[in-house]
Amino acid sequence: MRSLTNLIELGLGICCALLLAGLTGLTVVDVVGRYWFNAPVRGAFEITQLMLGALVFTALPLTTSRKEHVEVDMIYGMVPPVMQSLMKGVAWSVSTVTLLILSWRLAAHAERLMEDGAVTNALDIPLAPLAWIAAVSALLSAGYTFVFFKKAFRRGF
């Protein structure tokens, strides 16, 4: 199971790196083409939007697995360790439910996009694959938060 998790995280990391490199390259080529040759990349704005959306959702499970989400802990340090564990458990359970609902709704939206044949305006790029990526990423993230919750629950908070 651990090797599968490592393989998934490696794949997601490679996807994130490729998306970042692609975004950087596209921006450079578009800016150089626009200002030096008066020939911007056709559809660069659409491609950038899609790549950025894919990057955010591809990075979501990685951020979740490493517990690197932004946290606001105004009272966390002032409560006893038992309460801190309980707070973590509640946060992870709420995160799990929220991510499961998000995944479910994204999958339903992806299905509608597929049925409608929704595409981008300029380049006719199908939108459903991005919605499926988002749904699967939210589901993976929910799996991580569930594992964290389960471990906290076993320790008795």
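Throughout this document, residue positions are counted from 1 along each chain, in the order its sequence is written. Where local features are concerned, this predicted model is filtered to residues with pLDDT of at least 70; where side-chain atom pairs are given and counted, the filter is 80 or more; whole-chain, interface and lining totals use all residues. Excluded from the side-chain calculation are hydrogens and water; included are all heavy atoms of the structure.

- For the protein chain, an unreviewed UniProt entry supplies the name TRAP transporter small permease protein and the organism Pseudovibrio ascidiaceicola.
- For the record of the protein chain, the UniProt heading Sequence similarities (unreviewed entry) holds the text "Belongs to the TRAP transporter small permease family." UniProt positions are given in the numbering used here, feature names are shortened, and annotations may be inferred rather than shown by experiment.

**Regarding the environment of Leu4**
Step number 1: Mapped onto the elements of the fold, Leu4 is located in helix H1 (residues 2-36).
Step number 2: For the pair formed by Leu4 and Ser65, sequence separation is 61 residues and the distance between their alpha carbons is 13 Å. Helix and strand labels come from DSSP, where a helix needs a run of H or I of at least four residues and a strand needs a run of E of at least two; each type is numbered from the N terminus.

**Here's the deal with a nonpolar patch on the surface**
Step number 1: Patch members must show over 30% relative accessible area and no salt bridge, and they are joined within 9 Å when carrying like charges or within 5 Å when they are nonpolar side chains of Val, Leu, Ile, Met, Phe, Trp or Tyr. The protein chains shown are the only cover counted for residues, whose accessible areas, like all others here, come from Shrake-Rupley with a 1.4 Å probe. For this document, the term salt bridge refers to a Lys or Arg side-chain nitrogen within 4 Å of an Asp or Glu carboxyl oxygen. On the surface, a cluster of nonpolar side chains totalling about 580 Å² of accessible area is made up of Leu4, Leu7, Ile8, Leu10, Ile14 and Leu18.
Step number 2: Tracing the sequence through the fold places Ile8 in helix H1.
Step number 3: Each residue gets one of three labels from its accessible area relative to the maximum for its type: buried under 20%, exposed over 50%, partly exposed in between, using a 1.4 Å probe on protein chains only. Judged by its relative accessible area of 32%, Ile8 is partly exposed.

**What to know about the UniProt feature "transmembrane region" (unreviewed entry) in the protein chain**
Step number 1: The UniProt record annotates "transmembrane region" (unreviewed entry) at residues 12-37, 43-64, 85-107 and 127-149.
Step number 2: In this annotation, residues 12-37 is assigned 96% helix and 0% strand; the end-to-end C-alpha distance for the span is 36 Å.

**What to know about the side chain of Thr145**
Step number 1: Residue position: Thr145 is located in helix H4 (residues 128-154).
Step number 2: In this structure, Thr145 is in contact with Thr64, Trp92, Ser95, Thr96 and Leu99, ignoring residues within four places of it in sequence. Should any heavy atoms of two residues lie within 4.5 Å, those residues are considered in contact.

**Focus on the nonpolar core**
Step number 1: Nonpolar core, defined: a set of buried Ala, Val, Leu, Ile, Met, Phe, Trp, Tyr and Cys residues in which side-chain atoms within 4.5 Å join the residues together. In this structure, Leu12, Cys16, Leu19, Leu23, Met51, Ala54, Leu55 and Leu62 together form the largest nonpolar core, which totals eight residues.
Step number 2: Among the elements of the structure, H1 and helix H2 (44-65) are those that each provide at least two residues to this core.
Step number 3: If sequence neighbours within four positions are ignored, Leu12 has contacts with Thr58, Pro61, Leu62 and Leu140.

**Notes on the environment of Pro61**
Step number 1: Structurally, Pro61 can be placed in helix H2.
Step number 2: Exposure remark for Pro61: the relative accessible area of 0% places this residue in the buried category.
Step number 3: C-alpha separation for the pair Pro61 and Tyr144, spaced 83 residues apart in sequence, amounts to 7.5 Å.
Step number 4: Here Pro61 is in contact with Leu12, Ser137, Leu140, Ser141 and Tyr144, once residues within four sequence places are set aside.

**Things to note about the confidence of the model for the protein chain**
Detailed reading of the predicted coordinates is not advisable wherever pLDDT is low.
Step number 1: A score between 0 and 100, pLDDT records how confident the predictor is in each residue. Taken residue by residue, the protein chain gives an average pLDDT of 93. The fraction at 70 or more is 97%.
Step number 2: H2 holds the highest mean pLDDT among the elements of the protein chain, 96, whereas H4 holds the lowest, 91.

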